[in-house]
Amino acid sequence: MIEEEIAVDQKQVCAHCGDDCKEEPILFEEKVFCCHGCQAVYELLESSDLVGYYDNDQLKASKILDRDIANRKFQALDLPEVQSSLFRYQDEVKSVVRFYLSGIHCSSCIYLLEHLPKLNPAVLRAEVNFIRKEVSLTFNHQEITLKETAVLLASLGYPPTINLDSVDGPRNKSKRSSLGMKIALAGFCFGNSMLISLPEYLDTGFQLDENLKMLFGWVNIIMALPVVFYASQDYFSSSWKGLKHGYLNIDLPISLGIITLFARSMYEILWAVGPGYVDSLTGLVFFLLLGKWYQGKTYEALSFDRDYTSYFPISVLRLTDSGEETVMLKNLKVGDRIIIHNQELVPADGVIEEGEAKLDYSFVTGESDPTLKYAGDKIFAGGRQIGGQLVVKLEKAVNNSELTQMWNNQPSENERVNNYDQLIDRVSKYFTIVVVMLALGTGVYWQISDPSKVWDAVTAVLIVACPCALALALPFAFGHAMRILGSQGIYLKNANVVEAVSHIREIVFDKTGTLTKNNPLSLTFNGKSLTEEEKSLIKTVTSNSAHPLSKIITDHFDRSTKKLPISAFEEEIGKGVIAEVEGNAIRIGSAVWLDVESIHSSNNEIRVYIQINGWNRGYYAIQVEYREGVFEELKLLRDHYKLHLLSGDKETEQQTLSPYFDSLNFNQKPLDKHEYVQGLSQSVLMIGDGLNDAGALNAADVGFAVCEDIHQFSPACHAMVSADAVPSIGNVLKFSKSAMTVVVIALTMAFVYNVIGLSFAVSGNLTPIISAILMPVSSVTVVGFITLAVNWLARKTFS
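Residues numbered from 1 in each chain as written. Predicted model: local features only at pLDDT ≥ 70, side-chain atom pairs only at ≥ 80, totals over all residues. Heavy atoms only, no water.

Chemist: Would you mind going over the overall build of the protein with me for this structure?
Modeler: Check the secondary structure of the protein and you find 28 helices and 29 strands. Taken across its 799 residues, the protein has 52% of its residues classed as buried. Considering only contacts within the protein whose residues lie at least 6 apart along the sequence, 66% involve residues at least 24 apart. Here the protein displays about 36,500 Å² of accessible surface, and carbon together with sulfur accounts for 54% of that area. (Helix = DSSP H or I, 4+ residues; strand = E, 2+ residues; numbered from the N terminus. Buried < 20%, exposed > 50% of the residue type's maximum accessible area, 1.4 Å probe, protein only. Contact = heavy atoms within 4.5 Å. Areas by Shrake-Rupley, 256 points an atom, 1.4 Å probe, with all protein chains shown as cover.)

This is the structure we're talking about:
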């Protein structure tokens with residue numbers, strides 16, 4: 001292809017970034033580019049069949065950073081100490097890193113960034129978090145370095161922000177700003193402007209002194225300038241960015257109101273036709289900033305959907321000089337030695353001291369191929385152990401927010417869309433347009449009827465209308481609901497689960513470990529007495545299994561029974577476990593799986609068979625006990641929901657359970673459970689354990705994973721449920737429905753506020769200052785109502 005540089009007299013716009021071509025533009029394939037960088041990106045996208053990036057008519061891509069400059073800027077990324085701090089995961093081939101990209105602003109940005117693997121095959125995976133403006137990249141570090149990855153992003157117009165915060169830890173989202181200074185400045189100017197304008201309000205002969213009138217007018221202008229050009233700059237900046245990218249935000253009518261008052265005041269004072277509206281202007285900005293400060297403080301205090309650290313329940317076993325102890329993840333420190341069992345998650349970066357790791361890093365990399373690691377190797381947070389027991393020495397502290405973000409990134413088969421979020425998005429999209437049109441109409445009307453009211457009425461309309469209360473209703477109602485449910489032992493994946501739970505029509509229960517306790521009425525071994533060595537072999541294997549029955553058998557042994565190193569371990573879901581311990585082959589599971597003749601068992605009895613080196617050693621007879629209050633709860637639930645039971649056990653309990661369920665299904669394998677739940681037509685809640693029922697939990701509209709000791713982190717579920725909370729499921733469903741009612745009432749309040757406020761503003765009965773006060777008051781009212789209502793419902797429901 002022939003590239004031609006041409007000089008043109010007329011104004012031309014770059015086909016990539018949208019900027020004016022001020023110097024000699026570059027013509028390429030009948031398109032104009034402002035520089036070779038923009039042309040190079042266009043060629044790259046075209047050759048990779050990614051020109052769909054330009055389908056967004058409102059797109060304004062970022063200017064391209066020169067590659068030489070980018071190479072110098074990101075030189076530090078070649079340093080090993082910087083790399084080790086930035087990598088979220090690394091093995092012999094792959095590395096995972098997360099960058100903050102301030103240039104992300106629209107759907108085309110997401111489109112381009114998530115298609116990076118097509119631009120450079122060495123980038124294996126790219127995921128964009130639009131809200132946080134972050135991209136997570138999985139790349140082959142044998143083919144592309146970390147620095148080259150950053151340069152690639154910069155060459156596309158998305159230079160990553162690399163600073164000390166990126167290296168030393170997560171960025172502090174609540175950075176100090178100049179908001180306090182702006183409030184102080186606006187308050188000072190407002191107070192003095194009101195004082196200077198007092199003679200105008202008193203309407204005395206004092207105002208007849210023309211020299212004083214002129215002096216006070218100029219002082220008012222001096223007061224207005226810093227308020228408009230400094231204290232108000234965030235509103236102008238936000239409005240301009242929105243206009244540049246093709247959308248209208250709530251800051252636009254506020255900006256128009258400020259400009260309207262300022263322009264009118266300048267005209268009246270400079271042309272000596274009136275005193276202006278500087279007191280109204282400064283008071284407006286002062287109260288707007290106060291409202292902004294209040295909302296910021298509120299979000300800081302109640303950022304439910306961003307930080308689970310305060311109540312996230314996951315725990316782990318820590319090795320001490322006296323043995324093993326259970327500790328919360330948040331209490332782990334660098335240097336602690338922890339035990340990781342089969343199917344458990346690595347909570348933080350560390351080094352393997354004992355055992356052989358077979359880690360599934362699909363949580364982090366998106367690829368489920370197991371990674372083998374041995375003693376002395378470093379492993380990263382987010383890997384799930386598949387196999388034997390590991391002893392890991394931590395090199396980093398646990399980041400609960402990182403774990404929960406991984407949890408939220410796991411897609412489910414039946415992810416529900418938040419209908420109220422969609423409604424608010426649609427309302428917000430057209431809200432500003434309606435407000436601006438209404439302000440224009442108000443201005444025309446009062447210009448004809450009473451010109452003295454034009455400016456106050458127009459400004460009041462622009463200011464009083466505010467969708468902030470609408471936007472606050474969902475996060476606060478769902479946030480409070482998540483906090484309250486967490487205190488009841490129900491730990492939700494995200495806020496949208498609250499709405500999903502409120503729509504439930506059918507409930508599917510697992511039996512073992514869900515309806516029954518994990519501390520049985522009795523546990524006896526039937527067969528020839530076990531030797532101490534055999535007991536150690538069995539305890540070693542069952543303690544490494546995540547199955548509820550394995551936990552019961554493990555707890556049966558004395559603390560004096562030692563655990564031994566495991567050289568091989570495999571757990572077949574719904575069947576049993578195979579392991580090798582010090583040269584001994586151990587198989588533990590069902591009679592059918594071990595091909596053992598089974599004798600008919602009594603009600604509530606479950607049998608777990610043992611084979612050691614091919615010899616049938618007998619079985620454990622476990623007499624299970626139903627959780628206290630579970631039958632009363634099932635009876636109440638059946639009055640409102642259709643109930644199903646899916647159990648891998650035999651039909652011995654059918655007579656006991658049939659009065660409480662619409663459908664009973666026994667001898668169910670994990671795949672059978674998954675297909676059954678998938679076949680149900682109405683909104684379904686599945687309640688089971690996170691290992692054997694993972695498929696069914698993932699297939700349901702909502703999946704609750706029951707956790708006895710909250711050791712198991714279950715990414716397939718929408719919520720983790722403390723075992724003690726199972727008999728209170730009905731209250732959880734009732735509370736979720738009530739929380740949705742609170743949302744509806746709060747949204748109604750917000751709509752009513754806007755209708756009443758606008759009616760007063762349009763009729764000229766509302767001043768700009770009162771409008772500025774009412775705008776944050778509406779948010780305070782909605783937030784206060786939600787807080788009181790949700791807490792009252794919680795006391796009423798769970799007391």
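Next, the rest of the story.
Chemist: Teacher, can you tell me more about the packing of aromatic side chains here?
Modeler: In this description, an aromatic ring pair is defined by two values, namely the gap between the centres and the angle between the planes. Counted by the stated rule, this structure contains eleven aromatic pairs. Between F229 and F262 the ring centres are 5.8 Å apart and the planes differ by 90°, which places this aromatic pair in the edge-to-face class. With F229 in helix 10 (residues 210-231) and F262 in helix 12 (residues 251-270), this residue pair connects regions lying 33 residues apart in the sequence. Residue F229 is classed as exposed on the basis of its relative accessible area of 56%. Every member of this aromatic cluster is reached through a ring pair, and the members are Y626, F631 and Y660. The aromatic ring of Y230 is capped on one face by K182, whose charged end is 5.5 Å from the ring centroid. Its guanidinium or amino end placed over the ring of W593, R587 lies 4.7 Å from that ring's centre, counting from NZ or CZ. (Phe/Tyr/Trp six-rings, centres within 6.5 Å; stacked < 30°, edge-to-face > 60°. Lys NZ or Arg CZ within 6 Å of the ring centre and 35° of its normal.)

Chemist: What's the story with the sheet that holds strand 15 (residues 384-385) in this structure? I'm lost.
Modeler: Each strand in a sheet pairs with another by means of backbone hydrogen bonds, the pair being arranged parallel or else antiparallel. With antiparallel pairing, three strands are arranged side by side in an open sheet as 13-12-15. Every interior strand has two partners, whereas the edge strands, strand 13 (371-373) and strand 15, have only one. Pairing between strand 12 (residues 357-360) and strand 15: two bridges, direction antiparallel. Note that in strand 15 the partner of L359 across the bridge is Q385. (Pairing = 2+ DSSP bridges.)

Chemist: Could you clarify how one ought to interpret helix 6 (residues 146-155) in this entry?
Modeler: For an α-helix, 3.6 residues make a turn, and residues three or four places apart therefore share a direction. Across the ten residues that make up helix 6, a large majority, nine, are buried. All of the buried residues along helix 6 are L146, K147, T149, A150, V151, L152, L153, A154 and S155. After helix 6 finishes, the residue G157 shows a positive phi value of roughly 95°.

Chemist: Please explain the pattern of salt bridges as it appears in this structure.
Modeler: Oppositely charged side chains may form a pair once their charged atoms are brought near each other. Using the criterion set out here, one finds 17 salt bridges in the structure. Where E134 meets R98, a salt bridge forms, and the shortest distance between an N and an O atom there is 3.5 Å. Residue E134 is found in strand 7 (residues 134-140), and its partner R98 is found in strand 5 (residues 94-100); the two are separated by 36 residues along the sequence. Under the relative-accessibility criterion, E134 is labelled buried at 4%. Residue class for R98 comes out partly exposed when judged on its relative accessible area of 23%. Salt bridges sharing common partners tie together R318, E325 and D336. (Salt bridge = Lys/Arg side-chain N within 4 Å of Asp/Glu carboxyl O.)

Chemist: Would you take a moment to explain the nonpolar core for this structure?
Modeler: Nonpolar side chains tend toward joint burial in soluble globular proteins. The biggest cluster of nonpolar side chains holds 58 residues, and the ones touching the most others in it are I490, I507, F509, L685, F704, F735 and I786. The residues contacting L685, other than those within four sequence positions of it, are I504, E506, I507, V508, V702, F704, I729 and L733. Formed by 29 residues, the second largest nonpolar core is a distinct cluster that contains F99, A122, V128 and A150. (Core = buried A, V, L, I, M, F, W, Y, C linked by side-chain atoms within 4.5 Å.)

Chemist: Could you clarify how one ought to interpret the packing of helix 20 (residues 532-543) against helix 21 (residues 548-556) in this entry?
Modeler: If you want to describe how two helices pack, look at the angle between their axes and the distance between the axes. In contact at an axis separation of 8 Å, helix 20 and helix 21 are set at 140° when each is read in the N-to-C sense. Between helix 20 and helix 21, the angle is such that the two are oblique. Viewed along their axes, helix 20 and helix 21 form a crossing whose handedness is left-handed. In contact with I538, K539, T542 and S543 of helix 20, helix 21 contributes S550, K551, I553 and T554. Looking at side-chain class alone, the contact of helix 20 with helix 21 contains two nonpolar, four polar and two charged residues. (Axes fitted to C-alpha atoms, helices over the stretch in contact; angles between N-to-C directions. Parallel < 35°, antiparallel > 145°, perpendicular 65-115°, else oblique. Left-handed = near helix turned anticlockwise from the far one by under 90°. Nonpolar A, V, L, I, M, F, W, Y, C, P; charged D, E, K, R; others polar.)

Chemist: How should I be thinking about the pairing of strand 9 (residues 323-328) in this particular structure?
Modeler: The two faces of a sheet get side chains in turn, since along a regular strand they alternate between them. Of the pairings in the sheet, the one linking strand 8 (residues 315-320) to strand 9 comprises six bridges and is antiparallel in character. Considered in strand 9, the bridge of L317 is made with T326. Between the end of strand 8 and the start of strand 9, which pair antiparallel, lie two residues.

Chemist: Which parts of the structure should I look at to understand the environment of C189?
Modeler: In this structure, C189 sits in helix 8 (residues 179-196). The class for C189 is buried, based on a relative accessible area of 2%. As a C-alpha pair, C189 and G283 span 94 residues in sequence and 8.3 Å in three-dimensional space. Residues contacting C189, with those up to four places away along its chain left out, are M223, P226, V227 and T282.

Chemist: What is the right way to look at the packing of helix 8 against helix 10 in this model?
Modeler: Viewed as axis vectors pointing N to C, helix 8 and helix 10 meet at an angle of 160°, and their least axial separation amounts to 10 Å. In terms of their interaxial angle, helix 8 and helix 10 are classed as roughly antiparallel. When the axes of helix 8 and helix 10 are compared, the crossing they make is left-handed. Contacts from M181, K182, L185, A186, F188, C189, N192, S193 and I196 of helix 8 reach helix 10 at F216, V219, N220, M223, P226, V227, Y230 and A231. Taken together, the residues of the contact of helix 8 with helix 10 sort by class into 13 nonpolar, three polar and one charged.

Chemist: Please clarify how the sheet that holds strand 21 (residues 576-581) should be interpreted in this entry.
Modeler: Reading across from one edge, 19-24-23-22-21-20 is the order of the six strands in this open sheet, with antiparallel pairing throughout. Each edge of the sheet is formed by a strand with only one pairing partner; in this case those strands are strand 19 (522-526) and strand 20 (566-572). Averaged over neighbouring strand pairs, the angle between their axes works out to 15° when direction is ignored. By the bridge criterion, five bridges tie strand 19 to strand 24 (residues 615-623) in an arrangement that is antiparallel. Its bridge partner lying in strand 24, N526 is registered against Y619. Across the sheet, helix 20 is in contact with strand 20, strand 21, strand 22 (584-589), strand 23 (605-612) and strand 24; its angle to strand 22 comes to roughly 60°. Packed onto the sheet, helix 21 meets strand 19, strand 23 and strand 24 and runs at close to 95° relative to strand 24.

So, to be careful, I would describe these as geometric facts and stop short of saying anything about function.
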